Structure formats: structure tokens, C-alpha cells
Amino acid sequence: MAFPYEINAVDKNINKELLDHFKGQKTGFVQVGPKKWFLPEKYKKHAANFYNFEVKKDDLWIVTYPRSGTTLNQELLWLLNNNLDYETAANVPLAERFPFFEFNVIADDKFLKEVLEMNNYSAEAQEEVKKRDTPGYEIGKNMKSPRHFKTHLPLSLLPPNLIDTCKVVYIARNPFDVSISFYHHNKKIRAHDFHGSFQKYWEFFEKNLVLCTPYWEHIREGWQNRNHSNLLFIFYEDLIRDKPGTIRKMCSFLNKEISDDDLNKLIEHINYDNFQKTVPIMKPKILGLVNRDIKEPTERGKIGGKEEFKTNNELRKRAEDWVKTNSSDVGIEFPMTL
């Protein structure tokens, strides 16, 4: 099937400004279709294969805008769908059990070459770069059922028969926390390597010039399908505030049962401190993938109360107005306030 959308390079002047701030991206960005989905230029040569990927009835997908509690929910959903197999979860990295479908388009080819050079083309570095440069549509061909996939692509760029064929969990997180989390992530991860203030980052986010924006259209596509029998729409905030209730919703959606004891054990497992210590996600030891001098925020995963908005009243008011207007347009209300 032909890919149905035009893919156009971002305006040259805008692209130059973006590359000045996102120094990990060496080539540039594209906008896809009438909604102008914002993605790395590398996406262009893989778009049709992502769109035409053959999904299976017993696949399980998690679809999120970035920084929406995706990793936590991957672990949660994988365990629920695999009879709480903690042994495998402890020994097989989450990135292998539940691969990131379009991960290969995130890192620019020139950046990957730099990483290889920093590691003197060691065997470990070559293996890691190969993993990062292998598209999910290739990985999926060799996966055993039931397969699990994570994606940040919007539903409209995924296989058109996705939710009619298999189960999809869409996780939505409020844009205040998403933007701050993505800002810190983009500073930490050298494939992005953002240089600039949060206010500048917010300007890009608001103008749909951050990966996978427009944010509101991403949310809209999930929200519009919330009543489809194969799609479960969950607010990240509800999971954090009511883990038992949200996990039971997931169980019902997956046609799984869970005892009170198993539920309590699972909640303890996904406790943030435990999760970080016991779940192998993807922690390669090679150089050049992260900015080691950039510290992670101390309140990761929390709801609201972020310093970036507390200390800038003008930005806070601007963000609140933007959220109010767009949430009303989409017809959605996030269960939180700043």
C-alpha cells in the first residue's frame, strides 16, 4: 500500500534554528501529512514500511506521546500479558521484550557514526549501534507471539488496520509534565542534545517543532478512538493516583484475572525506586549516548508542581491558556492542575 501522506522538509530557516538547539540531530526534520507531524528526516525512508507493517491479532501495542509514562506501562502490560513472569522480566531487557517500533529514526546516521568513532569501533559499540538502527518492522518479523510494541507515532501513521486487528493501550499525560520531562530527556540524550532554556523549548513545543508534535492532534487521535473495543485509553495521572483501579482496568481489557496478592506484588514491582533498580531497560555501557553531566530531575514521574512553571509566571499563564484552549477543542480534560 502506498504511503498516503506527503513528507516535506521543514523550512530552511526554521530547520537551521532547530539544529542550533538540537545538536544531536545533524540533518534536519520533516513534517508529515496535513497535520504536519514533526519527525527526524530519517523517518522519510521508513514511513511506508512502518505504515504497512503486518500486525497480528495477538499483538499488544502501547501508543503514547513521548514522556507519558511509557516505560512504566510497558513493564506493567508485559507482565499482565505474560502471566506475571517476573523471572523473564528480570533477565531480558524491556527493550527486547517490548521494542520501540520507530527507535531507528531517532538517532541521525552521522550521530551514530560519531558514537562508533568515540568507542574506536569496538564490537560492543557496533552491536549497540546496529540495535539502534534496526527498524521495528524488521525486528517484528522475528518476534514470537504474543508480540509487544511501543510507539510514539500517532495512530494515523501506524498500520491503518491496527486497532481493528489487535489490542492497543493509549496513555495520555498532561502537556505541562510532558513538556518538562521531554525537555530534560532531550538535554540528557545525545541523539537530541538540546541546548537552551525551558522557555525556548516550550516555544518549540507550542509551535509543533518538537518530535511527534502536534501534541494535541496526537492526543485527539487516541481520544477519538477511546470507545473502540480494541483500544484502552488511560490517563497517566489516573495510574499514579489509583494503581489498583487502573491495573484492574488493564486486566479487564486484556481478559486477564489478578488476585489481590498478585496485584499488590505488581504495584510494589512498579514502584519507581524498585523499578529503576530491578528492571533491565536498556543500559549500554558504551560512550557517547548520554550527557553524563546532565542530572535527572529529582521528581521524575510526579504530577504537577514543576519548578519550570513555578518560577516563570508569564510562561505559566501562557501555557495554561494554551492548554485550556486546546483541551476544550479536543474535548478532553486532564485530571490535574498546575
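Residues numbered from 1 in each chain as written. Predicted model: local features only at pLDDT ≥ 70, side-chain atom pairs only at ≥ 80, totals over all residues. Heavy atoms only, no water.

Here we come to the overall build of the protein. From N to C terminus, the protein includes 18 helices and seven strands. Structurally, the protein occupies a C-alpha span of about 55 × 50 × 45 Å along its principal axes. Every one of the 338 residues in the protein was classed for burial, and the buried ones make up 54%. Within the protein, contacts between residues separated by at least 24 positions form 76% of all contacts whose residues are at least 6 apart in sequence. With the model as given, the accessible surface of the protein reaches about 16,100 Å², and the carbon-plus-sulfur share is 47%. Of note, the protein has its 50 positive side-chain charges centred 2 Å away from the centre of its 48 negative side-chain charges. (Helix = DSSP H or I, 4+ residues; strand = E, 2+ residues; numbered from the N terminus. Buried < 20%, exposed > 50% of the residue type's maximum accessible area, 1.4 Å probe, protein only. Contact = heavy atoms within 4.5 Å. Areas by Shrake-Rupley, 256 points an atom, 1.4 Å probe, with all protein chains shown as cover. Lys, Arg positive; Asp, Glu negative; His and termini not counted. Charge placed at Lys NZ, Arg CZ, Asp CG, Glu CD.)

What follows concerns the packing of aromatic side chains. Evaluation of the coordinates by the stated rule reveals 42 aromatic pairs. Centre to centre, the rings of Phe50 and Tyr137 are 5.4 Å apart; their planes meet at 70 degrees, and the pair counts as edge-to-face. Note that Phe50 is positioned in helix 2 (residues 47-51) and Tyr137 in helix 8 (residues 136-139), a separation of 87 residues in sequence. Taken as a pair, Phe50 and Tyr137 share a single burial class, namely buried. Taking the centre distance of 4.9 Å and the plane angle of 70 degrees together, the rings of Trp61 and Phe101 count as edge-to-face. Pair noted here: Trp61 is in strand 4 (residues 60-64) and Phe101 is in the loop between helix 5 (94-97) and helix 6 (109-118), with a separation of 40 residues, a long-range link. Just as Trp61 is buried, Phe101 falls in that class too. For the cation-ring pair, Arg97 lies above Trp78, with the distance from its terminal atom to the ring centre recorded as 4.6 Å. Looking at Arg226, its charged tip hangs above the ring of Trp223, at a distance of 4.0 Å from the centre. (Phe/Tyr/Trp six-rings, centres within 6.5 Å; stacked < 30°, edge-to-face > 60°. Lys NZ or Arg CZ within 6 Å of the ring centre and 35° of its normal.)

This next bit is on empty space enclosed by the protein. The full count for this structure, using the stated rule, is one cavity of 30 Å³ or more. Around the largest cavity sit Phe22, Gln25, Phe29, Phe38, Asn186, His192, Leu209, Val210 and Leu211, which together line it. Grouping the constituent residues of the lining of the largest cavity by class yields six nonpolar, three polar and no charged. (1 Å grid on protein atoms, 1.4 Å probe; cavity = no way out; pocket = protein on both sides within 12 Å on 5 of 7 lines; lining within 4 Å. Points joined across faces, edges and corners; volume = space filled by probe spheres on them. Nonpolar A, V, L, I, M, F, W, Y, C, P; charged D, E, K, R; others polar.)

Let us now look at the sheet that holds strand 4. Read from one edge of the open sheet, four strands run 5-4-6-7, paired in parallel fashion. Two strands bound the open sheet, and with one partner strand each, they are strand 5 (148-151) and strand 7 (231-235). Taken pair by pair, the neighbouring strands of this sheet meet at an average axis angle of 15 degrees, ignoring direction. Relative to strand 6 (residues 167-172), strand 4 is paired through five bridges, and the arrangement is parallel. (Pairing = 2+ DSSP bridges. Axes fitted to C-alpha atoms, helices over the stretch in contact; angles between N-to-C directions.)

With respect to the helices and strands, the residue Ser179 is situated in helix 10 (residues 175-188). Under the relative-accessibility criterion, Ser179 is labelled buried at 0%. Discounting residues that sit within four places of it in the chain, Ser179 has contacts with Phe198, Tyr201, Trp202, Phe205 and Phe309.

Attention shifts here to unusual backbone geometry. In this structure, the amide linkage connecting Ser145 to the following residue, Pro146, adopts the cis form with an omega of 0 degrees. Its place among the elements puts Pro146 in the loop between helix 8 and strand 5. Pro214 follows Thr213 through a cis peptide bond whose omega is 10 degrees. Position of Pro214 among the secondary structure elements: in the loop between helix 11 (198-206) and helix 12 (215-224). One non-glycine residue, Tyr121, adopts positive backbone phi at about 55 degrees.

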